[in-house]
Amino acid sequence: MPQPRPLPRPNRAAPARHAGAMGARLGATFLTAACLFALFGGYCFATRSLRVQPMRLRPRPEAQTQAPAASDDMAAKIARQFLPEHPWAATARNKATSVDKLTYWYCQVWKQESDTVISLQPFALITRRKDAKPGDRPYSVASDKAYITFASKISMTGGNPGAIVHAELEGAVLIEGPNRLRIDGRDFYFQKGEPNIVYSDAGLRFRADQHFGSAKGMQLELLRDPKAKPEEPISIGGIKSVKLLQDVDMTLVSNSFEQAMVSPAGAQRKRATASQKNAPNGQPQPVRCQSVGSFTFLPATHEATFDRNVRIRRTNPQGQSDLIAADHSVKIVFDVKKPVPKPGEPIAAKKDTPSNTPAGAFDSNMTFKELHARGKDVSLMSEANGLKAFKLHEVDYDRAARRATLSAMPTQVQIWHNDDRLRAPYIQIDHDESGQEVTQIWCRGEGGMRHVDDKTHEVDLAAEWKKEMRKYADPKSGLDVVDLEEAMIEQPKEGSGIAADHISLYLIRQNAA
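Keep in mind the model is a prediction, meaning the values are calculated, not measured.

Caption draft 1: Representation of empty space enclosed by the protein in the model. The computed volume of the second largest cavity comes to approximately 30 Å³. Forming the walls of the second largest cavity are Leu83, Pro84, Glu85, His86, Ser140, Leu174 and Glu176. A breakdown of the residues in the lining of the second largest cavity according to their chemical character gives three nonpolar, two polar and two charged.

Structure representation (structure tokens):
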């Protein structure tokens, strides 16, 4: 799979070196993309720092001797608090702040590399959002060196050099922010264009709240702000896409993972599984998502896609796992949940109220909507429910329709539920709103099934069909109906069987215990 090309390096005097689950259980995946959005937020503020009002700023050649330490002013106090891993910032030779006192930046040496390029070494920035909540940690960015290229000539006597067309954070880069956000990486690049791009081909590690992960390389495509003026240093209106390039490994934690796919064997859930009985209420449960290829998130359509040799595994407190694996891709689609009206708020108001989330941004109200897995080798497994489904080519789950479809055409899907077996080229499973009762199973194409007695562990029913098998609830009789076309049914214990063009079985529905 082709990888994005590194962005071109600006012309400068002395170039620096650089290194060239199933269903709703996966609902937390978008948080990793949100983590990278915060990464861009810090990067954006870093490039914006050229608009600040200087506290103490004058040219210092790299050969200049060490200047006296800065006084213990507000900039130094903030640096000691939020840049503990970069103690040099508190006594940096050059400090500056924005007019609104929300952003502080630091460097020891800055140099004009050419008419349009300046460098800052080392570089650090601390910035607080205008809409930050009280007590939120500000964003901070620190790197070994920063290069910024402007559209026009830089003049030390004043004037606006125009928009930033290229920027680099070189060497080790650390970004931190609210909600325990931390991103460790190397060599980030910004390139102005259509779209704007932030890129790194180096390995990175990230954490936000209880979620964490790693990947090799990342790329952000950024939307242009239509309201921005041409001379503004940087114009970013949102995020078009977030992409982790390869070797993605992220662990996401949630307090409530809903059951989104039920047993394709067709039986109602008679009793809670051992994991459900023993699981502490609200205990966090991790979902580990891995792919050899990329992870891409599209904010506009709320789609997250893992590519190449994907494995998504949820583990409960008892160590039992739910797994979906696909050799090609797994795509998860989210929906935006409508906010609950406040007490006394007219219901009609929420229809007329537009979303507060701007275009190209991440909406915190996203909920799981769909899952699509593709490949020559797709499989599902649930240890707690005794379920295995393998030899699949396609798996689709639609939460709103409460429908799961499994396909292996032209071969057959193989489903094992404890000792029961079910096979067919295409299997559709519908369930009720609770997700705990199957309302229909439809097997299309030639297939078969067998049922094993729980007590004797012997096969008590086997069936084969040429066209289809459909099991559904009859609302009139309250019975479950099984229709088979061109089929044969055998009861080994009874030594009996029947074959016919059409067979209908009427079964007494088993109530949940």
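Caption draft 2: Seen up close, unusual backbone geometry. Put simply, glutamine 121 and proline 122 share a cis peptide bond, and its omega is -25°. In this structure, proline 122 sits in strand E4 (residues 117-127). In this structure, the amide linkage connecting methionine 409 to the following residue, proline 410, adopts the cis form with an omega of 10°. Tracing the backbone through its elements, the reader meets proline 410 in the loop between strand E19 (403-407) and strand E20 (413-417). You will see that arginine 180, though not glycine, has its phi angle at about 60°, which is positive.

Caption draft 3: Representation of the pattern of salt bridges within the structure. Across all of its chains, the model carries 13 salt bridges by this definition. For aspartate 249, the salt bridge is made with arginine 288, and the minimal N-O distance between the two is 2.6 Å. Highlighted residues: aspartate 249 in strand E10 (residues 238-254) and arginine 288 in strand E11 (residues 285-291), separated in sequence by 39 residues. Take arginine 288: its relative accessible area is 40%, and that puts it in the partly exposed class. With its nearest N and O atoms 2.7 Å apart, the salt bridge here joins arginine 423 to glutamate 464. In this pair, arginine 423 is assigned in strand E21 (residues 420-424) and glutamate 464 in strand E25 (residues 459-473), connecting sequence segments 41 residues apart. Arginine 423 gets classed as partly exposed once you look at its relative accessible area, which sits at 24%. Residue classification places glutamate 464 among the partly exposed residues on the basis of a relative accessible area of 37%.

Thresholds applied
Residues numbered from 1 in each chain as written. Predicted model: local features only at pLDDT ≥ 70, side-chain atom pairs only at ≥ 80, totals over all residues. Heavy atoms only, no water. 1 Å grid on protein atoms, 1.4 Å probe; cavity = no way out; pocket = protein on both sides within 12 Å on 5 of 7 lines; lining within 4 Å. Points joined across faces, edges and corners; volume = space filled by probe spheres on them. Nonpolar A, V, L, I, M, F, W, Y, C, P; charged D, E, K, R; others polar. Helix = DSSP H or I, 4+ residues; strand = E, 2+ residues; numbered from the N terminus. Salt bridge = Lys/Arg side-chain N within 4 Å of Asp/Glu carboxyl O. Buried < 20%, exposed > 50% of the residue type's maximum accessible area, 1.4 Å probe, protein only.

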